[in-house]
Amino acid sequence: MAVILHKDYKVERDDYAAAGKVSSDIKQTLNSIGYDPKVMRRIAVASYESEINMLIHAYGGDITMDIMDDGQVKLVFKDPGPGIPDLEKALTPGFSTASEKARAMGFGAGMGLPNIQRVTDDFDIQSSQDGTTLTLSFRPAK
Amino acid sequence: MTIRDLIEKTGWKLDTTTLDTSAEISGAYCGDLLSWVMGNGEPDQAWITVQVHSNVIAVALLREFSCVIIADGANVSDELIRKCTDEQLVMLESGIPAYETAKVLAGLGI
């Protein structure tokens, strides 16, 4: 399996004005290569939620996208901390630690990680106080 | 029903006056918590919300909503309208509460 397209992005902490920019670019990139719209919509949900998590909860971070020659899309979201103290709680629908500022804008519903898990074919999350790495992959519909 | 038909029938205010309003509205989703909207909205729906900050645009475009209907007289800024126009997102204002807005849409068969 070879990578046919690779992209790197950066997300800055608390940069609400830029929220969703990376996800928009990911979607546009997939759209431009004629990617399956249904899978693309799942990727858009997962990338948006992950991007927002980095901006709201982490000290920003790096995102990479790899599109493979078999149509698989792999997204990696890597942040430098502060980590998720209780992963089980973070994966529970409705649980949120978002700030008042984030909530006032409609973030912090506690549905981010559950949404990501639901729309992703492969979901892996590793977290410590040194950072969180979320690895997601999506396979084209057969 | 198209966005244009909806505006004609309701008299709701079209903020993005220069954008095409011929897109079909297949249904509607009502909500202000962005992750709920991302998780449950469907393409071509009209999204009813009182959120009026620019993050609405990213959610609406990623979810492929046909338009956003701002309810309850929430204060839409000129900057938001300009950004919506730049991003080709049609925005309307119903001027009535979200529930009433949804009732009108339902009454029109949306």
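This text follows the structure it describes.
Residues numbered from 1 in each chain as written. Chains lettered and ligands numbered in written order. Predicted model: local features only at pLDDT ≥ 70, side-chain atom pairs only at ≥ 80, totals over all residues.

Draft legend 1. Molecular detail of the overall build of chain B. Helix and strand content of chain B: 5 helices and 5 strands. Along its sequence from the N terminus, chain B presents helices and strands in the succession α-β-β-α-β-α-β-α-β-α. A compact globule built from 110 residues should have a C-alpha radius of gyration of about 13 Å, and chain B, at 12 Å, falls within 12% of that. Principal-axis analysis of the C-alpha atoms places the extent of chain B at approximately 30 × 30 × 25 Å. Relative to its 110 residues, chain B shows a buried fraction of 42%. Of the contacts made within chain B by residues no fewer than 6 positions apart, 49% connect residues no fewer than 24 positions apart. (Helix = DSSP H or I, 4+ residues; strand = E, 2+ residues; numbered from the N terminus. Rg over C-alpha atoms; globule rule 2.2 N^0.38 Å. Buried ≥ 20, exposed ≤ 12 C-beta atoms within 10 Å, placed from the backbone. Contact = placed C-beta atoms within 7 Å.)

Draft legend 2. Up close: helix H2 (residues 37-56) of chain A. In a regular helix each residue adds 1.5 Å, so 20 residues correspond to 28 Å; H2 of chain A covers 28 Å between its end C-alpha atoms and thus fits that length. The buried count for H2 of chain A comes to 15 of 20 residues, which makes it a mostly enclosed element. (Expected span 1.5 Å × (residues − 1).)

Draft legend 3. Molecular detail of the pairing of strand S2 (residues 61-68) of chain A. All names here are of chain A. Of the two faces of S2, the one lined by Gly61, Ile63, Met65 and Ile67 is fully buried and the one lined by Asp62, Thr64, Asp66 and Met68 carries no buried residue. Direction of pairing for strand S1 (residues 3-11) relative to S2: antiparallel, over a ladder of 8 bridges. Looking across to S2, one finds that Lys10 is bridged to Asp62. Of the pairings in the sheet, the one linking S2 to strand S3 (residues 73-79) comprises 6 bridges and is antiparallel in character. Paired with Met65 across the strands is Leu75, a residue of S3. Here S2 folds back onto S3 in antiparallel fashion, the turn holding 4 residues, of which Gly71 has a positive phi close to 95°. (Pairing = 2+ DSSP bridges.)

Draft legend 4. Main features of the interface of chain B and chain A. Facing 14 residues of chain B, the contacting portion of chain A comprises 18 residues. Looking at the side of chain B that touches chain A, the elements that each hand over two or more residues are helix H2 (34-40) and helix H3 (55-63) of chain B. For the side of chain B that touches chain A, the element with the most residues is H2 of chain B, which contributes 5 residues. Of the residues assigned to the side of chain B that touches chain A, the class counts are 7 nonpolar, 6 polar and 1 charged. (Nonpolar A, V, L, I, M, F, W, Y, C, P; charged D, E, K, R; others polar.)

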